[in-house]
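Examination of the molecular architecture
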Amino acid sequence: MPAVSPAEVSARRSVPAHIPRPEYVDRPAPQRFTGEEVKDAETIERMRIAGRLAAQARELVGSHVVPGVTTDELDRIGHEFLCDHGAYPSTLGYRGFPKSLCSSVNEVVCHGIPDSRVVEDGDIVNIDITAFLGGVHGDTNATFLAGDVDEESRLLVERTKESLDRAIKAVRPGRRVNIIGRVIEAYAKRFGYGVVRDFTGHGIGTSFHSGLIIPHYDDERFDDEIRVGMTFTIEPMLNLGTPDYDMWDDGWTVVTKDRRRSAQFEHTLLVTADGAEVLTHP
């Protein structure tokens, strides 16, 4: 199958004026996060609502990942769903990103910009969508199969989801965040998959990305203690080949160096007394 290449990006979609915007929209960068990684009960409840809506948007858009649809049409579906429910699409205007979700096809690792490219039979398409609602963000993604997908790609997608599920089970108060990457990398190595290092999970709440980093590979330097009330994402990206990548001229689209396929799954989590609650289930 030929490599994915840039296509036409349509005009920016409007958001109704009554929907509150994150502070960073149309600014060069977000304000520096100075809050707590541990959230209070009221913030957590708002995050449950935002996370659930983001998950519903993810599944709705994913149900339209079929041969013949454009990624721009997928963006329209996600954009209108969030706006119809009073939420702002968090990616729209974040550091200049022009669309309301990321659509990453085949060898695109992450941050693909929806455009006029038509989804083809056999493609795998990651949909990464975030809802800003009630002053907090809910961030999630999943990789969907379009039509008749080859066995190697299908297994990559299944195993990437499994790596996320295993990582979530490893979350416990008192452990260090590097346990998450250790679990993901150990599982991925069984199949010879490349584990992407330079794009990570992150703290989330009133800020889209707080200072907390959640790596998906084993690295002792990441030794923040996991504490009850923390909220963060885990979002492993596994590649059929090398973990190395190239960046398109758009400054966003990341593709595997060897142009082999990549898959990703993501949930926003709340650390509880005995593990983790997934906030991005529909």
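Attention in this report is confined to the structure presented alongside it. Numbering of residues begins from 1 in every chain and follows the order in which that chain's sequence is written. Per-residue local features are limited, in this predicted model, to residues with pLDDT of at least 70; the limit for side-chain atom pairs, both in listing and counting, is 80 or more; totals at the level of whole chains, interfaces and linings are taken over all residues. With hydrogens and water set aside, each side-chain value is computed from the structure's full complement of heavy atoms.

Digging into the packing of aromatic side chains
Centre distance within 6.5 Å is the pairing criterion for rings of Phe, Tyr and Trp, where only the six-membered ring of Trp is used; planes under 30 degrees apart are then read as stacked, over 60 as edge-to-face, and the remainder as tilted. Taken as a whole and assessed by the stated rule, the structure comprises eight aromatic pairs. When the centroid spacing of 5.1 Å and the interplanar angle of 85° are considered together, the rings of Phe 97 and Trp 252 count as edge-to-face. Of this pair, Phe 97 sits in the loop between strand S1 (88-89) and strand S2 (102-105) while Trp 252 sits in the loop between strand S11 (245-247) and strand S12 (254-256), placing them 155 residues apart in sequence. Note on classification: 1.4 Å probe, protein chains only; a residue is buried when its accessible area is under 20% of the maximum for its type, exposed when over 50%, partly exposed between these limits. Take Phe 97: its relative accessible area is 2%, and that puts it in the buried class. Residue classification places Trp 252 among the buried positions, given a relative accessible area of 18%. Ring geometry for Tyr 187 against Phe 191: centres 5.1 Å apart, planes inclined by 75°, an arrangement best described as edge-to-face. Of the aromatic side chains, those joined through ring pairs into one cluster are Tyr 24, Tyr 94 and Phe 208. Note on conventions: DSSP H or I runs of at least 4 residues are helices, E runs of at least 2 residues are strands, and numbering of each starts at the N terminus.

Topic: the environment of Pro 20
Residue position: Pro 20 is located in the segment before helix H1 (41-63). Sequence separation between Pro 20 and Gly 96 is 76 residues, and the spatial gap between their C-alpha atoms is 18 Å. Non-local contacts of Pro 20, meaning those with residues more than four positions away in its chain, are made with Tyr 88 and Phe 132. Note on definitions: a residue-residue contact is assigned when non-hydrogen atoms from the two residues lie within 4.5 Å.

Observations concerning helix H2 (residues 71-84)
Expected span, for any helix, means 1.5 Å times one less than how many residues it has. Counted at 1.5 Å a residue, the expected span for H2 with its 14 residues is 20 Å, and the 20 Å between its end C-alpha atoms agrees. Tucked into the core, H2 has its buried residues touching H1, S1, S2 and strand S4 (124-133). Downstream of H2 by one or two residues, Gly 86 has phi in the positive range, about 80°.

Some remarks on the sheet that holds S12
Pairing between two strands is assigned when DSSP locates at least 2 bridges connecting them. If you walk across this open sheet you meet the three strands as S3-S12-S11, and the pairing is antiparallel. Looking at strand neighbours, the two that pair on one side only are strand S3 (108-110) and S11, the edges of this open sheet. Between one strand and the next, the sheet's axes are offset by a mean angle of 40°, whatever the strand orientation. Each axis is a line fitted through C-alpha atoms, and for a helix only the stretch in contact is used; angles between axes span 0 to 180 degrees, taken between their N-to-C directions.

Some points on the pattern of salt bridges
Salt bridges are defined by distance alone: a side-chain nitrogen of Lys or Arg within 4 Å of a carboxyl oxygen of Asp or Glu. Tallied over the full model, the rule gives 24 salt bridges. Across the salt bridge formed by Arg 48 and Glu 277, the nearest N and O atoms sit 2.8 Å from each other. Of this pair, Arg 48 sits in helix H1 while Glu 277 sits in strand S15 (residues 275-278); the two residues are 229 residues apart in sequence, bridging distant segments of the chain. Classification of Arg 48 as partly exposed rests on a relative accessible area of 22%. Within this structure, Arg 13, Asp 72, Asp 75 and Lys 99 form a network of salt bridges that share partners.

What to know about the sheet that holds strand S13 (residues 262-264)
Pairing in this open sheet of three strands is antiparallel, and the strands run S6-S10-S13 from one edge to the other. Looking at strand neighbours, the two that pair on one side only are strand S6 (194-195) and S13, the edges of this open sheet.

Examining the packing of H1 against H2
In contact at an axis separation of 9 Å, H1 and H2 are set at 150° when each is read in the N-to-C sense. Overall, the two elements H1 and H2 adopt an arrangement that is roughly antiparallel. Taken as a pair, H1 and H2 cross one another with a handedness that is right-handed. In this structure, H1 contributes Leu 53, Gln 56, Ala 57, Leu 60 and Val 61 to the contact, and H2 contributes Leu 74, Ile 77, Gly 78, Phe 81 and Leu 82. Residues are sorted three ways: Asp, Glu, Lys and Arg are charged, Ala, Val, Leu, Ile, Met, Phe, Trp, Tyr, Cys and Pro are nonpolar, and all the rest, Gly among them, are polar. Taken together, the residues that form the contact of H1 with H2 break down as eight nonpolar, two polar and no charged. These descriptions rest on fixed angle ranges, namely under 35 degrees for roughly parallel, over 145 for roughly antiparallel, 65 to 115 for roughly perpendicular, and the rest for oblique. The crossing is said to be left-handed when, going from far helix to near helix, the turn is anticlockwise and less than a right angle, and right-handed when the turn is clockwise.

What about helix H4 (residues 178-189)?
Taking 1.5 Å per residue, twelve residues should reach 16 Å; H4 reaches 16 Å between its end C-alpha atoms and fits that length. Among the residues of H4, Asn 178, Ile 179, Ile 180, Gly 181, Ile 184, Glu 185, Tyr 187 and Ala 188 are the ones counted as buried.

Read these as layout, nothing more, since geometry by itself doesn't imply function.
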